[in-house]
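As a plain string of letters, each chain reads:
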Amino acid sequence: RRATFHSLDKALIDDEDSDEETEMYHSGQGGNKSLVNSTSSSLPGVLASTAGAAEASRIRKPSASVRGVAFSPTGAQWAAITPEGLMVYAQDAARKAFDPFQLDVHVTPEGVASALLIEKLPLKALIMALKLGHESTLQGVFMAIPISSVATLVHDLPPPYLERLLAFLTRLLPATPRLERSLTWLLALLRSHGSHMMENSTMYMSLLRKLHQHYTDLLRDLSALSESNLYLLTYLLESLQAMMESEQLAAAQLESVVPVDQVVVESVVPVD
């Protein structure tokens, strides 16, 4: 009975009186304080004072009453209605300057430039740039590849790099003035790998929602600009047509007037 287990006295562990002493001490009915502090009923060999300090050190987060939750279309932000007010939370949208992926010793900005300009391998350069994750290097490859080669190059791109390419094009769309080039890349990506994205929709859903939002904003801005230009062009054409008609009318009136040198004098009446 006095055998020890992990250097602990089993007699103290198995002593049923320790629980009674603990209850009497905490209820104010007396009890042996030394026995209460000697062991803890939760874990063998742990002092009650130590266990209490451990419990106190566990800081629990306060619970909040939430009456409603709404998520943004992109899934990157969400808002909650609480008694303290409207709480809006968002992911860190700061663009990373260096976000590597499957790096090795040969994936460097110099290696990307060599594959693109010297080896004339645009697909290799694109994959290396996507691995490197450096924004300026990606933009350099994006601008260097001819538009006529985009469809073939994107079709041959392996699936592990599709998400990173889509993320890059989504970031680039609202910021670049080269709209035709960006839309050509996006169209080639969706045509070649749309089925793969549908099968793995959970991976691409956030990016596709953000892309749809950028495209909608771009369409709205271009529609307003196009309507304004259309009204301006309509006004200019109508003004030009009115000016041409007025000039033709003035020329016709001039032609109807007989020149002075062609007037024939039949008789002259003397004046006294």
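Structure: see above.
Residues numbered from 1 in each chain as written. Predicted model: local features only at pLDDT ≥ 70, side-chain atom pairs only at ≥ 80, totals over all residues. Heavy atoms only, no water.

Caption draft 1: Local environment of unusual backbone geometry. Of note, K120 is a non-glycine position whose phi angle comes to about 60°, a positive value. Here K120 is to be found in the loop between α5 (109–118) and α6 (122–132). In this structure K120 comes out as exposed when scored by relative accessible area, which is 60%. (Helix = DSSP H or I, 4+ residues; strand = E, 2+ residues; numbered from the N terminus. Buried < 20%, exposed > 50% of the residue type's maximum accessible area, 1.4 Å probe, protein only.)

Caption draft 2: How the structure looks around the pairing of strand β5 (residues 85–90). Little of β5 sits inside the fold, with zero of its six residues counted as buried. As defined by bridge partners, strand β4 (residues 77–82) adjoins β5 across six bridges and the pair is classed as antiparallel. Across the sheet, residue T82 finds its bridge partner in β5, namely G85. Hairpin remark: β4 followed by β5, antiparallel, with two residues in the connecting loop. (Pairing = 2+ DSSP bridges.)

Caption draft 3: Representation of the pairing of β4 within the structure. As paired strands, strand β3 (residues 68–71) and β4 are joined by four bridges and run antiparallel to one another. Bridging across to β4, F71 finds its partner in W78.

Caption draft 4: How the structure looks around the packing of α5 against helix α7 (residues 135–144). Where α5 contacts α7, the two axes come as close as 11 Å, and the packing angle between them is 5°. Here α5 is positioned roughly parallel relative to α7, judged by the angle of their axes. Contacts from P109, V112 and L116 in α5 reach T137, V141 and A144 in α7. Grouping the amino acids of the contact of α5 with α7 by side-chain chemistry returns five nonpolar, one polar and no charged. (Axes fitted to C-alpha atoms, helices over the stretch in contact; angles between N-to-C directions. Parallel < 35°, antiparallel > 145°, perpendicular 65-115°, else oblique. Contact = heavy atoms within 4.5 Å. Nonpolar A, V, L, I, M, F, W, Y, C, P; charged D, E, K, R; others polar.)

Caption draft 5: Summary view of the environment of E119. Position of E119 among the secondary structure elements: in the loop between α5 and α6. With residues near it in sequence (within four places) discarded, E119 still touches S114 and K124.

Caption draft 6: Representation of the packing of aromatic side chains. Applying the stated criterion across every chain yields a total of four aromatic pairs. Between F142 and F168 the ring centres are 5.9 Å apart and the planes differ by 75°, which places this aromatic pair in the edge-to-face class. With F142 in helix α7 and F168 in helix α9 (residues 162–172), the pair connects residues that are 26 residues apart, well separated along the chain. Judged by its relative accessible area of 4%, F142 is buried. Look at F142 and W185: their rings are 5.6 Å apart centre to centre, the planes differ by 40°, and that puts the pair in the tilted class. One end of the pair, F142, is in helix α7; the other, W185, is in helix α10 (residues 179–199), with 43 residues separating them in the sequence. Note on accessibility: F142 and W185 belong to one class, buried. Following the ring pairs from residue to residue traces out a cluster consisting of F71, W78 and Y89. In this arrangement the basic side chain of R181 is found over the ring face of F142, its NZ or CZ atom lying 5.9 Å from the centre. (Phe/Tyr/Trp six-rings, centres within 6.5 Å; stacked < 30°, edge-to-face > 60°. Lys NZ or Arg CZ within 6 Å of the ring centre and 35° of its normal.)

Caption draft 7: Representation of α6. Counting buried positions along α6 gives eight out of eleven residues, so the element sits mostly inside the fold. Inspection of α6 places A125, L126, I127, M128, A129, L130, K131 and L132 among the buried residues, and these make up the whole buried set. Taken together, the buried residues of α6 touch α5, α7, α8 (150–155), α9 and α10. Of the residues flanking the end of α6, it is G133, one or two places downstream, whose phi is positive at about 75°.

Caption draft 8: Spotlight on the pattern of salt bridges. Summed over the entire model, instances satisfying the criterion amount to three salt bridges. Of the charged contacts in the structure, one is a salt bridge between R171 and E135, with a shortest N-O distance of 2.8 Å. In this pair, R171 is assigned in helix α9 and E135 in helix α7, connecting sequence segments 36 residues apart. A salt bridge links D217 to R220; the nearest nitrogen and oxygen atoms lie 3.2 Å apart. Of this pair, D217 and R220 both sit in helix α11 (residues 201–256), separated by three residues, roughly a single helical turn. Judged by relative accessible area, D217 falls into the partly exposed class, the value being 26%. (Salt bridge = Lys/Arg side-chain N within 4 Å of Asp/Glu carboxyl O.)

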